Amino acid sequence: MPPTFRPLPAAFVSTPLTSSSGWTRGMPPPTPRIVLSFSCHTYLGSRLDRSSLGVVRATPTLFTSRKPKLSYNNFLLKASAAPTEGNSLLRDNFTPSTSLNWEEATVREYVAALAENGHPLVTQVNGENQSLSDDWLEKKTRSKRESFLQDSGSTTKAVHGGEQKRQGKKARAILDAIAMPIVQSSTFTFRSSSDCIAYNQGQYDSFEYGRYGNPTTRAAEEKIMLLEEAEDALVSSSGMNSVTTMLLALLSPNDCLVTTRDCYRRTRQFLQTILPRMNIQTIVVDPADTASVEAALKQGAKLFFSEMPTNPLIRVIDAENIVRLCHRYGTICCIDSTFATAYNLKPLCLGADLVLHSGTKYLGGHNDLMCGVLAGKKELLEKIRSLHGILGGVVDPHSSYLLLRGMKTLSLRMRAHNENAALLAQVLSQHPKVSKVHYPSLSSHPDYHVAKTHFKNGFGGVLSFELRGEPFGMDTFAAGIRFVDALSIPHIGPSLGGVESLVEQVCIMGYFDQPQKVRRELGISNGLIRFSCGIEDKSDLVNDVLQALEAV
Ligand SMILES: *Cc1c(COP(=O)(O)O)cnc(C)c1O
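Bear in mind the structure is a predicted one, so any value in this text is a computation, not a measurement.

1. Looking at a nonpolar patch on the surface
Inference 1: Together, Ile481, Ile508 and Phe512 line one region of the surface with nonpolar side chains, adding up to about 280 Å² of accessible area.
Inference 2: Mapping Phe512 onto the fold places it in the loop between helix 20 (506-509) and helix 21 (516-522).

2. Points about the site of the ligand
Inference 1: If you check the shell around the ligand, you find 14 residues, and the closest are Met240, Asp336, Ser358, Thr360 and Lys361.
Inference 2: With respect to the ligand, the side chain of Ser358 contributes an N or O atom lying 2.7 Å from an oxygen atom.
Inference 3: One of the side-chain N or O atoms of Thr360 is found 2.6 Å from an oxygen atom in the ligand.
Inference 4: Considering only residue class, the shell around the ligand consists of five nonpolar, six polar and three charged.

3. Some words on the side chain of His388
Inference 1: On the secondary structure map, His388 appears in helix 15 (residues 378-391).
Inference 2: Once you skip the residues sitting within four places of it in the chain, His388 turns out to touch Arg211, Leu234, Val235, Ser236, Asn241, Thr245, Gly393 and Val394.

4. A word on the sheet that holds strand 14 (residues 528-532)
Inference 1: Across the sheet, five strands lie side by side as 10-11-14-13-12; this open sheet has mixed pairing. This sheet does not close on itself; its edge strands, each paired only once, are strand 10 (434-438) and strand 12 (491-492).

5. Quick notes on the state of the cysteines
Inference 1: Tallied over the entire structure, the rule returns zero disulfides.
Inference 2: With no disulfide partner, Cys334 has as its closest neighbouring cysteine sulfur the one in Cys333, 7.5 Å distant.

6. Observations concerning the pattern of salt bridges
A side chain with one charge may pair with a side chain of the opposite charge, provided their charged atoms come close.
Inference 1: The tally for this structure, following the rule as stated, stands at 15 salt bridges.
Inference 2: Glu229 is the salt-bridge partner of Lys346, the closest N and O atoms lying 3.2 Å from each other. Taken as a pair, Lys346 in the loop between helix 14 (341-344) and strand 8 (354-358) and Glu229 in the loop between helix 9 (215-228) and strand 3 (232-236) lie far apart in primary sequence, 117 residues in all.
Inference 3: The salt bridge partner of Lys377 is Asp353, with a shortest N-O separation of 2.5 Å. Here Asp353 lies in the loop between helix 14 and strand 8 and Lys377 lies in the loop between strand 9 (372-376) and helix 15, a separation of 24 residues in the sequence.
Inference 4: Residue Asp353 is classed as buried on the basis of its relative accessible area, which comes to 7%.
Inference 5: The structure contains a network of salt bridges with shared partners spanning Arg218, Glu221, Glu222, Asp232 and Arg385.

7. Here's the deal with the nonpolar core
Inference 1: Of all hydrophobic cores here, the largest spans 80 residues; its most connected members are Leu463, Phe483 and Phe531.
Inference 2: Ranked by residue count, the leading element in this core is helix 17 (residues 410-429), at six residues.
Inference 3: Those residues within four positions of Phe531 in sequence are excluded, and the remaining contacts are Leu424, Gly461, Val462, Leu463, Phe465, Leu487, Pro490, Ser501, Leu502, Val503, Leu541 and Val545.
Inference 4: Formed by 23 residues, the second largest nonpolar core is a distinct cluster that contains Met246, Ile332, Cys334 and Leu356.

8. Quick look at helix 9
Inference 1: Over its 14 residues, helix 9 extends 20 Å from the first C-alpha to the last, a length consistent with the 20 Å expected when each residue adds 1.5 Å.
Inference 2: Those residues of helix 9 that sit buried are Pro215, Thr216, Thr217, Arg218, Ala219, Ala220, Glu221, Ile224, Met225 and Glu228.
Inference 3: Between a side-chain oxygen at the N-terminus of helix 9 and the backbone nitrogen of Thr216 the separation is 2.8 Å; the capping residue is Asn214.
Inference 4: Remark: Glu229 follows helix 9 within two positions and exhibits a positive phi of approximately 55 degrees.

Rules behind the numbers
- Residues numbered from 1 in each chain as written.
- Predicted model: local features only at pLDDT ≥ 70, side-chain atom pairs only at ≥ 80, totals over all residues.
- Heavy atoms only, no water.
- Patch = residues over 30% accessible without salt bridge, like charges linked within 9 Å, V, L, I, M, F, W, Y side chains within 5 Å.
- Areas by Shrake-Rupley, 256 points an atom, 1.4 Å probe, with all protein chains shown as cover.
- Salt bridge = Lys/Arg side-chain N within 4 Å of Asp/Glu carboxyl O.
- Helix = DSSP H or I, 4+ residues; strand = E, 2+ residues; numbered from the N terminus.
- Near = heavy atom within 4 Å.
- Polar contact = N/O pair within 3.5 Å; in protein donor to acceptor, adjacent residues only side chain to side chain.
- Nonpolar A, V, L, I, M, F, W, Y, C, P; charged D, E, K, R; others polar.
- Contact = heavy atoms within 4.5 Å.
- Pairing = 2+ DSSP bridges.
- Disulfide = S-S within 2.5 Å.
- Buried < 20%, exposed > 50% of the residue type's maximum accessible area, 1.4 Å probe, protein only.
- Core = buried A, V, L, I, M, F, W, Y, C linked by side-chain atoms within 4.5 Å.
- Expected span 1.5 Å × (residues − 1).

Structure (structure tokens):
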């Protein structure tokens, strides 16, 4: 079920005044846990015909010994705002005897003070649900705004007409639509101030502003939570946004982190050029070097962050052991599982704290969207989400929809990607013009055994290989170009993970401006080809690669 747009009340909170004006124009609040409702009925008595303020949960508050008066009028202006239908009468003077430190008190505390004061009376609701009739809602819905619009000017009609009707056929259709609607809205409104108060108190399950969340995006996050078996998830505007927001949220000046040498280039760039400005240092280890990981963790590294498999050499870390070490030394463990996806690997199930994806790749799966994904421990996600709301790398709802749509076929696509890559790796490993194939299904791969114990269904659709020749020779460079240009099926381009195969000669794609000595350290030789297998027919891909090798 989508997290918002509940057009009909399946449940209604039983309160002393059930016809709560807080819930008037549509959605009832979600079923609360334990709710203290304050009802103005008791003290305003018969002057109210059908309203209460709504539902507000009282939180314990510290009071000072000074006892300034809390004016109810003041409270209403700050917290309850414009009168909606029934609550206009609440603007009458009312002065509870509660004391509050004015300078220190938040609006949350005003509300709690009012509730504690007994004016309005605080009563415990027993949580029983009460159904509302469609009829009652119809009347409520058509009430004020609808009749106002009928008599309004054409511009007002143009702005409001047909929009945001939260009852009836359209609202029901949103709920009944088989596909999650794209909620193309930057802001989310409250039907009354008491809804807003309830929202702030965690009692009204909705959205506030697009930078803090969106229903379509939340649906994608919930799908990811299920796939990764995560407590929470956060989708952002790109994989790199997820990387940078996660690092900035979890690391502080003077912290250090551990990462592996083979790694997405922009991630490395951030670690090596931006984080040092905040005095955050990175220890780089070989993917197979678990001993160096332990040494770094012993020194107090705050975070371990690695891809699995890595880009572009498809290395595989011993995640099970590393997770155990991270637990021992209290280090946060985050795995960039972009190349694997939950179909092949579930880092959280191995004990990692966080899993990261460039959703641009396999999760989206069609080379038509950009997004990043983080999933894992709630407590960490809360920190990251809070910084995300400040940094603002928000995914747009349309991309979230494409992500949702893409993920529906993740297993089907991954099966094809896995099979295509494994076959191509095998064929290439036997070809005389190929000196080395980087893919963990091959027993020649340095991480063959580790990979076999970690991956459930395959190793993903990306493999890389080196054309025979002097690794940094000009002939090898030219052979790479001839090979890539002779291919018919894969497009030449960066990225990976889509249904279309993509190919790149790594040194002219991502490493064009890197000196040879840097490339030598990173293993980016002149003849290194990265091939992202799409889901095309196996035989077509193999034949295409074989004919292109003829041209080398
Ligand atoms: C592509 C990629 C990223 C960056 O993701 P974007 O969505 O392009 O920002 C990060 N990590 C890995 C392993 C990637 O392949």
